[in-house]
Amino acid sequence: MAATENVRQLSPSDNSLTPRHGVLTLFGYGIQVRVDRGHLLVEDGIGEDRRKIRLARVNHGLKRLVCIGADGVISLAALHWLAAQDASFVLLERDGSVLATTGPVRSSDAKLRRAQALAHVSGAALRITRELIRQKLASQESVARNKLLDTTTADTIARFSAELPRAEQIASIRLIEAQAALAYWSAWRTLPITFPKNDIARIPAHWLNFGARISPLTGSPRLSVNPPNAILNYLYAVLESEARLAAAALGLDPGLGVLHVDSGNRDSMALDLLEPVRPQVDSYLLDWITRQPLSREWFFEQRDGNCRLMGPFAVRLSETAPMWRRAVAPIAEWVAQALWNSHQGSSRAVQQLPTRLTHRRRSEGRGNDFRVQTSTVPRQAKICEVCGAEGIKNRYCRSCAVEASRQTMAQVALLGHARLKSKKTRPHISKVLSNHAVANTWWDHPACRTG
C-alpha cells in the first residue's frame, strides 16, 4: 500500500542520521552499510528521502548499529569495521522479532559451555532458574504496588514468590511464574491509553486501553493488536538482542537455556537472562504512557488488525538499548559464574570469571564499592494533547494553547461568577451591582473630571 499523508514515513525532524545514546538505527529501503577509505558509510531512507552519514574510526560514539529495514546490504568490511570498533550489528523486525545479532568476537572457554550443557544434570539449572524468577517476581511486585497502585495484585505476586524456595523442579517454577504473570497482566488490562483529541476519531476502540497481553491473532504476545503491546514487544526485542550479545561476550551459548526449553527458532539462554529485566521495561513504558499521550502517526494497522510501528518511532525505541545493556550485564555475569562453579570436574571450579560487561572485578580490585552504572533514560518527545504536534515543552502547542486556555477559563467561571446563585445571596449581589452602577455614574459626571 502506498504511503499517504496519514501514514507519513519521514518528517523534516527525521532527516538527520547521527548516533544517539550510542545507537544508530536504520530503516527504509535500499539501506547500504559499507567501508570507504577507512570510513563507515551508512545510508537509508524511503524513496527520495535519503539520509547519509560518514563515520571515522575515532570519536564516532557508535555502540549499536540497529537495522529495521526491509531491503539493503551490509558488506563484510563493514562488519569487520564494527567488530574492530567494539560495536555490534542488530537486525530487528518491527513486530518484536530478533533476526540477527553480531558483536565483537571473543574467545570462549569450552569448560564453561560444557558446564552450561550439563546444568540440568549438575543442579545448577534449578538454582539459576529459581534466582532469575525470584528477581523477576520481586520487580513485578514493585511495579504493581508502586506504579499500578494495585496492592491486591502485588500481594498475590508476593505469595507466589514465597513458594519458590519449596519448588524442586523447573516445571514447578515455570508454573509459579505463569500464575504470577496472569495476575500481573490482569492489573494492566484496564489501563487507559490516551491520544491527542484531534486523533480520537481515527483511533480504534481497542487502542484506548492496554487490553490483554495475549494477541487474538496468534494466542501469544506476538503480533499485538494495539499500540502499548506493540511498543512492549519491540522493547523486548531490543532487550533480547542485548541479552544475546551479553551471553556471547561471556563465552556462553545463547541457545542453551535453563528456564526456557530448547527450541530451534529461539535463543533460550538469551531469553533466560532477560527475564529479571522485563519488569524494568514494563516500568519504563508505564511511566511514559501515563504521563503523555501517544501519537496516531507512530502506528499503522495492517489488514489483519496487527498494530505495527512506524520507522521513525521505532528508531526512538532503539535508543533505549544502553539502558537494557547495563541492566542485563550483571545478571549475565552472575549466571556465567554460577555455571562455572557447578563444574566439579575442574580444579578451577572456584575461579572467579572475568567481568567483561560490568568490570566489577576491576572496581573491587582497586578498593572501590561496585555499583551498577545506569544509563540516562532517553526522553521521548512531548506531543500536544490536542493536535499531536511534537517537540513542545508543555501540554499544548502554541496554536492549541489559546483554545485550551479559553476552555479552562470557562470551566473556572462555572466555579465563580457564572455559578448559579442562591436566593440568600441574590439580594446582596443586586445591591452591590447597584452601588457600582451609581459610582460609575458619578465617575462619568463632568464635575468629577474638572481640574
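Residues numbered from 1 in each chain as written. Predicted model: local features only at pLDDT ≥ 70, side-chain atom pairs only at ≥ 80, totals over all residues. Heavy atoms only, no water.

### What about the overall build of the chain?
Thought 1: The number of helices and strands found in the chain is 14 helices and 10 strands.
Thought 2: Classification of the 451 residues of the chain by burial places 45% in the buried group.
Thought 3: When the accessible surface of the chain is totalled, it reaches about 24200 Å², and 53% of it is carbon and sulfur. (Helix = DSSP H or I, 4+ residues; strand = E, 2+ residues; numbered from the N terminus. Buried < 20%, exposed > 50% of the residue type's maximum accessible area, 1.4 Å probe, protein only. Areas by Shrake-Rupley, 256 points an atom, 1.4 Å probe, with all protein chains shown as cover.)

### Some points on the sheet that holds strand 6 (residues 72-74)
Thought 1: One open sheet accounts for four strands, arranged 4-3-2-6; its pairing is mixed. Each end of this open sheet is capped by a strand with a single partner; those strands are strand 4 (49-55) and strand 6. Direction aside, neighbouring strands of the sheet carry axes that sit 20° apart on average.
Thought 2: Sheet topology note: the strand 2 (residues 31-36)/strand 3 (residues 39-46) ladder contains five bridges and is antiparallel. Within strand 3, the residue paired with V33 across the bridge is V42.
Thought 3: Here helix 1 (residues 76-84) sits on the sheet and contacts strand 2, strand 3, strand 4 and strand 6; the angle it forms with strand 2, its principal contact strand, is near 70°. (Pairing = 2+ DSSP bridges. Axes fitted to C-alpha atoms, helices over the stretch in contact; angles between N-to-C directions. Contact = heavy atoms within 4.5 Å.)

### Details of the packing of helix 4 (residues 124-147) against helix 5 (residues 151-162)
Thought 1: The interhelical angle for the contact between helix 4 and helix 5, taken along N-to-C directions, is 165°, at an axis separation of 8 Å. Considered as vectors, helix 4 and helix 5 are oriented roughly antiparallel to each other. Seen from above, helix 4 lies across helix 5 with left-handed handedness. Together, L137, Q140, E141, A144 and R145 of helix 4 and T151, T153, A154, D155, I157, A158, F160 and S161 of helix 5 make up the contact between the two elements.
Thought 2: Per-class residue counts for the contact of helix 4 with helix 5 are six nonpolar, four polar and three charged. (Parallel < 35°, antiparallel > 145°, perpendicular 65-115°, else oblique. Left-handed = near helix turned anticlockwise from the far one by under 90°. Nonpolar A, V, L, I, M, F, W, Y, C, P; charged D, E, K, R; others polar.)

### Details of the confidence of the model for the chain
Thought 1: Taken residue by residue, the chain gives an average pLDDT of 85. The fraction at 70 or more is 86%.
Thought 2: Mean pLDDT across the elements of the chain ranges from a minimum in helix 12 (residues 360-365), with 67, to a maximum in helix 5, with 96.
Thought 3: Note on residues 1-8: pLDDT is under 50 here. Beyond four places in sequence and across chains, it has eight contacts. (pLDDT = per-residue confidence, 0-100.)

### Some details on the sheet that holds strand 8 (residues 98-102)
Thought 1: Pairing within the open sheet is mixed, and its four strands lie in the order 1-5-7-8. The sheet is open, and its two borders are formed by strand 1 (23-26) and strand 8, each paired with just one other strand. Each strand axis lies, on average, 15° off the axis of its neighbour in the sheet, ignoring direction.
Thought 2: Inspection of the sheet shows strand 5 (residues 64-67) paired to strand 7 (residues 88-92) by four bridges, in the parallel sense.

### A few points about the side chain of H60
Thought 1: Within the secondary structure, H60 sits in the loop between strand 4 and strand 5.
Thought 2: The exposure class of H60 is buried, given its relative accessible area of 14%.
Thought 3: Within polar-contact distance, the side chain of H60 engages the backbone nitrogen of L62 at 2.9 Å.
Thought 4: A distance of 3.1 Å separates polar atoms of two side chains, one belonging to H60 and the other to Q85.
Thought 5: Apart from the residues within four sequence positions on either side, H60 is in contact with P19, L55, W81 and Q85. (Polar contact = N/O pair within 3.5 Å; in protein donor to acceptor, adjacent residues only side chain to side chain.)

### Comments concerning helix 7 (residues 227-249)
Thought 1: The end-to-end C-alpha distance of helix 7, which contains 23 residues, comes to 33 Å, matching closely the 33 Å that a straight helix rising 1.5 Å per residue would cover.
Thought 2: The buried fraction of helix 7 is high, at 22 of 23 residues.
Thought 3: A positive phi of about 90° marks G251, the residue just after helix 7. (Expected span 1.5 Å × (residues − 1).)

### Quick look at the pattern of salt bridges
Thought 1: Throughout the structure, instances matching the rule amount to 20 salt bridges.
Thought 2: In this structure, E141 and R145 form a salt bridge, with 3.0 Å as the shortest nitrogen-oxygen distance. With E141 and R145 both in helix 4, this residue pair falls four residues apart, about one helical turn.
Thought 3: We classify R145 as partly exposed; its relative accessible area is 29%.
Thought 4: R244 is the salt-bridge partner of D267, the closest N and O atoms lying 3.0 Å from each other. Of this pair, D267 sits in the loop between helix 7 and helix 8 (268-274) while R244 sits in helix 7; the two residues are 23 residues apart in sequence, bridging distant segments of the chain. Both residues of the pair, D267 and R244, belong to the buried class.
Thought 5: Several salt bridges share partner residues, and in doing so they unite K136, E177, E275 and R278 into one network. (Salt bridge = Lys/Arg side-chain N within 4 Å of Asp/Glu carboxyl O.)

### Some points on unusual backbone geometry
Thought 1: You will see that R37, though not glycine, has its phi angle at about 50°, which is positive.
Thought 2: Along the chain, R37 turns up in the loop between strand 2 and strand 3.
Thought 3: If you check the backbone angles, L149 has positive phi at about 55° while not being a glycine.
Thought 4: Note that L149 resides in the loop between helix 4 and helix 5.

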